Amino acid sequence: MLGLMQDRPLLISSLIEHAVRYHPDVEIVSRTCEGPLINTNWRELAKRVARLAHALRRLGIKPGDRVASLAWNTHRHVELYFAVSGIGAVLNTVNPRLFPEQIDYIVNHAENRILFFDITFAGLVAGLRPKLATVEHVVALTDTGHLPREVEGAVAYEDLLAREPDAIDWPVFDERQASALCYTSGTTGNPKGVLYSHRSTLLHSFMVCTADGFRLSSADSVLLVVPLFHVNAWGIPYAAAMCGAKLVLPGPKLDGRSLFELAVEEVCTFSLGVPTVWLGFFKHIDDTPGLDVSKLKLERVVIGGSAAPRAIIERFRRDHGVFVLHAWGMSETSPVATIGNLLPAHRDLPEDDQIDIQAKQGRPVYGIDIKITGEDGSELPRDGSVSGDLKVRGPWVASGYFRGEGGNVLDAEGWFATGDVARIDAEGYVQLTDRSKDVIKSGGEWISSIDLENAAVGHPAVQEAAVIGLPHPKWQERPLLIVVRKPGAEASREELLDFLSERVAKWWLPDDVAFVDELPHTATGKLLKTKLREQFRSYTLPA
Ligand code: ADP
């Protein structure tokens, strides 16, 4: 129709063009695998992105081709984000913490043509190289001086860039083209690829910058702890280019001390990470007497990937004045789907009640719709007490997996079944109670393993807790609590059960407590319950 708005496609290249035009001097600070801290900005980054785009084309990369990265959070990895997608190719960020067989599977399944890797992964890449049939070039994200010799034929990234011009006219194409590819960790079966588009990525970025989203803005200095190989670092590199936030990239150093120091030095106001990194962060504070925590300027911290323990939310708030935004999502939702901002109605609530709301997984941001359904597929009430299968739909939710793996995953109305079990309350807050495969069924009722785990980690002696269901002659299944105690801390079975009995319904109380030195985790830090169930297969609960 004449006079309608311009039909400009939502392309990732427009983000870097915007960044260089409107916030060129905003800093990007990056630790590198070679050691030194790099201080750059969006202007300089954009030049290197242009050089890389030319280099990719010179190596024969065409629109739609896949290019892999095996790398930490550094400026070079961010450059790959913009250059690969910018020319219409697809960046497949591979999680280096996966087993080598899984990495081999992913790189071959995606048919990646180039593999960019950080020098810390040289040994891994040398071992995998003969198996990577489609990979034509291996590029070490470093300079000639640090080029690892063990990877045959590897070239240095900085050499590739040096020969190329630092400006480019980005191609214009359909915004529905693929931009990035991320594989789910695949706790059961082979990993499956989730393919993001330019459109889904830009819509997700707008959401990240909204006031009821992550409120990301030009006022922020972002400590990006969540890895660039984990679901696009929750969309932050794109959103930071959009709003002109400063990016602070910790490289390979994710220990509590390094993160604390970087946050202080770079005056970070915002950060994001899974619960485990924050445990390390607080451990550093606890183990360092005399540490001046007043220098910490963090205002908001996003926690997701696993349930944010109430104790972390509380500690951030009481000791550091930091508001924790508890978020839920998955690879298939780009990943952010619900965010735990408070509403005006909560403003005058006592602090404890506010923290209770923050401990839920948040409410849907615009663009995302959610519902819960029962076993027959019918929708269940949003009353905060009934739990059911959580379903989601929206323009940044996957419609299927790469190469049609797993078949058609949407129902007739376009809902994606998340595999999570949740409650939704009247205000729209989601509260995850389980993964559907981890649900404990006792006497026909569901017991939430996540609620029990959250309650258990509230005990001062508990470092980490997991709850699994074990077969029971009368009740079908009963919960077993498995606990890792803090170093030097004591807590008996009876003490823990007493503690829980004040916090959960009587029939939810675990039948037994087992103590272990550590719990098994997936490559993204989630509890690996399949392994735990195997480990405790022949465990008998007390009669
Ligand atoms: P994968 O699905 O490959 O394990 P994802 O990072 O996509 O990796 O994980 C998504 C899953 O992580 C969700 O379906 C949910 O079970 C869990 N999860 C994510 N965020 C939270 C959260 N805030 N609280 C509890 N569980 C979460």
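Our subject in this report is the structure included herewith. (Residues numbered from 1 in each chain as written. Predicted model: local features only at pLDDT ≥ 70, side-chain atom pairs only at ≥ 80, totals over all residues. Heavy atoms only, no water.)

Further remarks concern the overall build of the chain. Tallying secondary structure elements over the chain gives 15 helices and 25 strands in all. Relative to the globule expectation of 24 Å for 543 residues, the C-alpha radius of gyration of the chain, 24 Å, shows essentially globular dimensions. Projected onto its principal axes, the C-alpha coordinates of the chain cover approximately 70 × 60 × 55 Å. Here the chain holds 543 residues, and 56% of them are scored as buried. For the chain, contacts bridging at least 24 residues in sequence account for 67% of all contacts bridging at least 6. Here the chain has roughly 22800 Å² of accessible surface; of this, 51% comes from carbon and sulfur atoms. (Helix = DSSP H or I, 4+ residues; strand = E, 2+ residues; numbered from the N terminus. Rg over C-alpha atoms; globule rule 2.2 N^0.38 Å. Buried < 20%, exposed > 50% of the residue type's maximum accessible area, 1.4 Å probe, protein only. Contact = heavy atoms within 4.5 Å. Areas by Shrake-Rupley, 256 points an atom, 1.4 Å probe, with all protein chains shown as cover.)

Right, let's talk about the pairing of strand S23 (residues 462–472) for a bit. With eight of 11 residues buried, S23 is to be regarded as a mostly interior element. Pairing of S23 with strand S24 (residues 476–485), which is carried by 10 bridges, proceeds in the antiparallel orientation. Counted as the bridge partner of Glu464 is Val484 from S24. Following S23, the chain reverses through three residues before pairing antiparallel with S24. (Pairing = 2+ DSSP bridges.)

Reading across from one edge, S2-S1-S11-S10-S12-S13-S14-S15-S16 is the order of the nine strands in this open sheet, with mixed pairing throughout. Each end of this open sheet is capped by a strand with a single partner; those strands are strand S2 (37–41) and strand S16 (363–364). In terms of strand pairing, strand S14 (residues 323–329) meets strand S15 (residues 336–339) through three bridges, oriented antiparallel. When the sheet's bridge partners are listed, Gly329 is paired in S15 with Val336.

Let us look at the sheet that holds strand S19 (residues 416–424). In a beta sheet, neighbouring strands are held together by backbone hydrogen bonds and run either parallel or antiparallel to one another. Pairing is antiparallel across the open sheet formed by four strands, whose spatial order is S17-S18-S19-S20. What marks the edges here is a single partner per strand, and that holds for strand S17 (369–373) and strand S20 (430–435). Each strand of the sheet is rotated relative to its neighbour by a mean of 45°, with strand direction disregarded. (Axes fitted to C-alpha atoms, helices over the stretch in contact; angles between N-to-C directions.)

Our focus in this paragraph is the environment of Phe281. Its place among the elements puts Phe281 in helix H10 (residues 275–287). By relative accessible area, Phe281 is classed as buried at 0%. Sequence separation between Phe281 and Asp376 is 95 residues, and the spatial gap between their C-alpha atoms is 44 Å. Those residues in contact with Phe281, other than ones at most four positions away along the chain, are Gly256, Leu259, Phe260, Leu296, Leu298 and Phe316.

A few words on the packing of aromatic side chains. According to the stated counting rule, one finds 15 aromatic pairs in the structure shown. For the pair Tyr81 and Tyr238, a centre-to-centre distance of 5.4 Å together with 40° between the ring planes defines the contact as tilted. In this pair, Tyr81 is assigned in helix H3 (residues 75–86) and Tyr238 in helix H8 (residues 236–243), connecting sequence segments 157 residues apart. In terms of burial, Tyr81 and Tyr238 fall into one category: buried. For the ring pair Trp507 and Trp508, a centre distance of 6.1 Å and an interplane angle of 85° mean the geometry is edge-to-face. Given a relative accessible area of 39%, Trp507 falls into the partly exposed group. Judged by relative accessible area, Trp508 falls into the buried class, the value being 13%. A network of ring pairs unites the aromatic residues Phe260, Trp278, Phe281, Phe282 and Phe316 as a single cluster. Lying over the aromatic face of Tyr401, Lys192 brings its terminal NZ or CZ to 5.1 Å of the ring centre. Over the aromatic face of Tyr429 sits the side chain of Arg363, whose NZ or CZ is 5.8 Å from the ring centroid. (Phe/Tyr/Trp six-rings, centres within 6.5 Å; stacked < 30°, edge-to-face > 60°. Lys NZ or Arg CZ within 6 Å of the ring centre and 35° of its normal.)

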